[in-house]
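Here is how the chains run, residue by residue.
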Amino acid sequence: MPSNTLVIADYPVGYTSGFGETLYNLFSGFPSEKLWSAHPAHVAPAAGKRRAQSIELPSPSRPPWLPSRISLAYYPLLKMQQFSASRAAGRQLAYMVQKYSIRNLLVIPVSPWIMSTALALHKQYSKLNLVLYVMDDWQGHHECHQLPYTRRRQRLLSEIVQRANVRYAVSREMAAHYEESFGKSWIVVHNGVRNGSLHKPTVPSKPRQVLLAGDVNVFRFDAVIALAEAIERHNRRNGEPIEFTVMGEVAEQHRPALSVLRGVRMLSRRSHSECLEAMKAADLLYLPLAFAKKSSRISLYSLPTKLPEYLATGKSVFFHAPKESAVFRVAERYDLTPRLSTIDPAALDTFVETWANSNAANCMDNAKRALREEFDIDRLAAQFQAAFT
């Protein structure tokens, strides 16, 4: 039987992101009166996605009016704010642990100050059942954002790993790497869909709509811009243009490069239901990860939340990621096509031309097998929630 559980993370369960959606699905059926989600106060669950009781923590951050080019000058003050926030959040959470007789503590590593808060709480209440879930490789997160991965931060992660009773990783590749690095056992859990949810789509006579349902950031930008430019070259050569829609937040530094391309349409984040409808309407669903060296660990070990949802539409999914990455290996295991492991312009031009002139149906049997064997959300949620009894 589930027992009272506290989640400490940068985002709440049910937040409008892959992070929030994955937790929302993995906690499916978990009693909401036994689940608390502690997160910075400036973020909130999406409408209709509140599965836990929110505990709003302090939200130290750089002022939005401060130009990003001088953000480093604000860093020392931000560190002081985070230190104060950690102390205040620790007192707040200690009170909640006692008041609600919390038995389980789930920690998802992103911001160091939140991890420090969680670790201090567990030291204070060491009988809490500590569960760790890594969605994005923490070292890779630092490398992508050019943050200092100091020895202190490495020790912080290592201590939480060692103290945890149960450790979850988002991919097979991440679990294998962490077992080798930390000498502990790891269980693979990630987002999924319910069995029998695979749709049978109509096959367009002339495919024209490409959709990326997700954010564009350092985790995938070089792949996205490479495909967008290939589509732009195709549109200049042909009378029937392809439209490439991005339904998600585009990082400020990446907007200029995409906005000059006529074939690209940038939308902001939409609700989960709107994303699902857009996926069903598209001709090709795009699943990219970055090829740049600084993003290599994220690409190798991450598994995008949208993967099972893409497959469940029955539409063609374009896997565009490094060959060694977890997502590309899923595509290889089940022979899911199309897939490409390069951002070479000539290779992308060939892909775009081939796809635009093809009306071949997607092999639904392969997608169905992948969903059944690796992305059954009922099985994944049961495996995840087994840690919180």
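These figures come from a predicted structure and were not determined experimentally.

Caption draft 1: Expanded view of the overall build of the chain. Helix and strand counts for the chain come out as 15 helices and 13 strands. Computed over the C-alpha atoms, the radius of gyration of the chain is 21 Å, within 12% of the 21 Å expected from 2.2 N^0.38 for a compact globule of 389 residues. Its C-alpha atoms give the chain principal-axis dimensions of roughly 65 × 50 × 40 Å. Restricting to contacts in the chain with at least 6 residues of sequence separation, those with at least 24 account for 74%. Seen as two clouds, the 48 positive and the 34 negative side-chain charges of the chain have centres 7 Å apart.

Caption draft 2: Geometry of the sheet that holds strand 2 (residues 35–40). Taking strand neighbours across the sheet as the criterion, the seven strands line up as 3-2-1-4-5-6-7 in an open arrangement whose pairing is parallel. Of all the strands in the sheet, the pair left with one neighbour each is strand 3 (53–57) and strand 7 (187–188). In the sheet, strand 1 (residues 5–8) pairs with strand 2 via four bridges, with the strands oriented parallel. Within strand 2, the residue paired with V7 across the bridge is S37.

Caption draft 3: Geometry of the environment of F30. If you trace the backbone, F30 turns up in the loop between helix 1 (18–26) and strand 2. Residue class for F30 comes out buried when judged on its relative accessible area of 4%. Not counting chain neighbours up to four residues away, the residues in contact with F30 comprise P2, S3, T5, L35, Q385 and F388.

Caption draft 4: Structural context of helix 7 (residues 221–237). Over its 17 residues, helix 7 extends 25 Å from the first C-alpha to the last, a length consistent with the 24 Å expected when each residue adds 1.5 Å. Counting buried residues in helix 7 gives 13 out of 17 residues, a clear majority hidden from the surface.

What counts, and where the lines are drawn
- Residues numbered from 1 in each chain as written.
- Predicted model: local features only at pLDDT ≥ 70, side-chain atom pairs only at ≥ 80, totals over all residues.
- Heavy atoms only, no water.
- Helix = DSSP H or I, 4+ residues; strand = E, 2+ residues; numbered from the N terminus.
- Rg over C-alpha atoms; globule rule 2.2 N^0.38 Å.
- Contact = heavy atoms within 4.5 Å.
- Lys, Arg positive; Asp, Glu negative; His and termini not counted.
- Charge placed at Lys NZ, Arg CZ, Asp CG, Glu CD.
- Pairing = 2+ DSSP bridges.
- Buried < 20%, exposed > 50% of the residue type's maximum accessible area, 1.4 Å probe, protein only.
- Expected span 1.5 Å × (residues − 1).

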